[in-house]
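Residue-level structure breakdown
One letter stands for each residue in the lines below.
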There are 2 protein chains.
Amino acid sequence: MNQINIETKTKFLRGFADKTRIQILDCLKNGEKPVSQIVKEINGNQSNISQHLACLKGCGIIRGRQEGKYVYYSLRNAQVKQLLQMFDDVLFTVESDVRDCDMNDVCLSSKERSLVHD
Amino acid sequence: MNQINIETKTKFLRGFADKTRIQILDCLKNGEKPVSQIVKEINGNQSNISQHLACLKGCGIIRGRQEGKYVYYSLRNAQVKQLLQMFDDVLFTVESDVRDCDMNDVCLSSKERSLVHD
DNA sequence: GATTGATATTAGCAACAACTAATATGAAGG
DNA sequence: CCTTCATATTAGTTGTTGCTAATATCAATC
């Protein structure tokens, strides 16, 4: 039974679908870090980051371990790290493949839309 | 310059973050299909599917080609296909890794929450 | 060129997700 | 046991996303 439940899959992938969470993952790709350092590195709001960390953890993407008053977060396992690497690889190809054809103004929020046209 | 713009990356990953879109991708993993067949296979609403297809295309994940009155959609390239495969692989590991520990009630909508507890 | 079938687009609404500010918990050290 | 520092939680608001129904476009065939 290698067939994944679609709800689970959606939840997992939703974890990657946010700018702040991607920054967090990027920040964790070379090893575990305490929350406070993540907050500092991505210049975020403590409450906000904490919520995103809970989200990533809930999605199975990262794990946290408490040590004294710090909580250290890290990518769940090597496969997740590999997956993150693959995102970059695929995107690199797709981006050039797509730049001059059709990666335009569909499925974009107004904010995103404005970002595309500059 | 293998460094991907974060907005682009987010947009790309957002493409995978929806149940209907995942079903569409699943349905396309073995080759191109016309819209009407996708609609039939995932038992969806034509307008809705059309919008999701536009989204996936806009995210660079799929491509469409018109032939007569049909529009055939397919995964953009082999890498995207590989990425989809990797989602399943990683999820398979993560799922068992996580089942009995902490993949619970955070970052879940009430609908999702109710799905977890059954 | 009118009709039919395939797909796309629009508008409006309902559900969701992300943000901020305020507050709570919980560990460590005095 | 009180304070401080690190993190989590809650509540409320706002912006975004996804859905449906209606309508538009566009290619093919008669």
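Check the entry above for the structure.
Not measured: the values here are computed from a predicted model.

So, about the sheet that holds strand S3 (residues 70-75) of chain B. Residue and element names in this part refer to chain B. Strand order in the open sheet made by the three strands is S1-S3-S2, with antiparallel pairing throughout. Of all strands in the sheet, those with a lone pairing partner are strand S1 (33-34) and strand S2 (62-67), marking the two edges. Here two bridges tie S1 to S3, and the two strands are oriented antiparallel to one another. Directly across from Pro-34, in S3, lies its bridge partner Tyr-72. Contacts from helix H2 (residues 19-28) reach S1, S2 and S3, with the element oriented near 90° to S3. Sitting on the sheet, helix H4 (residues 46-58) touches S2 and S3, and the angle it makes with S2 is about 120°.

Our focus in this paragraph is the protein's contact with DNA strand C. Near DNA strand C lie 25 residues; those nearest to it are Ser47(A), Asn48(A), His52(A), Ser36(B) and Tyr73(B). The sugar-phosphate portion of DNA strand C accounts for 69% of its atoms within 4 Å of the protein, the bases making up the rest. Tyr73(B) has a polar side-chain atom sitting 2.6 Å from a phosphate oxygen of DNA strand C. Contributions of two or more residues to the surface near DNA strand C are made by helix H2 (19-28) and helix H4 (46-58) of chain A together with helix H3 (35-41), H4 and S3 of chain B. Residues of the surface near DNA strand C, tallied by class, amount to five nonpolar, 14 polar and six charged.

Ranked by internal contacts, the top residues of the largest apolar core, which has 59 residues, are Phe16(A) and Phe16(B). Other than its neighbours up to four places away in sequence, Phe16(A) contacts Ile22(A), Leu25(A), Ile61(A), Leu83(A), Leu84(A), Phe87(A) and Leu13(B).

Moving on, we come to helix H1 (residues 6-14) of chain A. When H1(A) is considered as a whole, its buried residues turn out to be Thr8(A), Lys9(A), Thr10(A), Lys11(A), Phe12(A) and Leu13(A). Looking at where H1(A) begins, the residue whose side-chain oxygen comes 2.7 Å from the main-chain nitrogen of Glu7(A) is Asn5(A).

Per the stated rule, a full pass over the model turns up seven aromatic pairs over all chains. Centre to centre, the rings of Phe12(A) and Phe16(A) are 5.3 Å apart; their planes meet at 80°, and the pair counts as edge-to-face. Taking relative accessible area as the criterion, Phe12(A) reaches 0% and is therefore assigned buried. Relative accessible area serves as the criterion here: at 1%, Phe16(A) is assigned to the buried category. Through successive ring pairs, a cluster of aromatic residues spans Phe12(A), Phe16(A), Phe87(A), Phe12(B), Phe16(B) and Phe87(B).

This part covers H2(A). All names here are of chain A. Burial analysis of H2 places seven of its ten residues in the buried class, which makes it a mostly covered element. For H2, the complete set of buried residues consists of Thr-20, Arg-21, Ile-22, Ile-24, Leu-25, Cys-27 and Leu-28. Between the side-chain oxygen of the N-cap and the backbone nitrogen of Thr-20 there are 2.9 Å, and the N-cap of H2 in question is Asp-18.

Thresholds applied
Residues numbered from 1 in each chain as written. Chains lettered and ligands numbered in written order. Predicted model: local features only at pLDDT ≥ 70, side-chain atom pairs only at ≥ 80, totals over all residues. Heavy atoms only, no water. Pairing = 2+ DSSP bridges. Helix = DSSP H or I, 4+ residues; strand = E, 2+ residues; numbered from the N terminus. Contact = heavy atoms within 4.5 Å. Axes fitted to C-alpha atoms, helices over the stretch in contact; angles between N-to-C directions. Near = heavy atom within 4 Å. Polar contact = N/O pair within 3.5 Å; in protein donor to acceptor, adjacent residues only side chain to side chain. Nonpolar A, V, L, I, M, F, W, Y, C, P; charged D, E, K, R; others polar. Core = buried A, V, L, I, M, F, W, Y, C linked by side-chain atoms within 4.5 Å. Buried < 20%, exposed > 50% of the residue type's maximum accessible area, 1.4 Å probe, protein only. Phe/Tyr/Trp six-rings, centres within 6.5 Å; stacked < 30°, edge-to-face > 60°.

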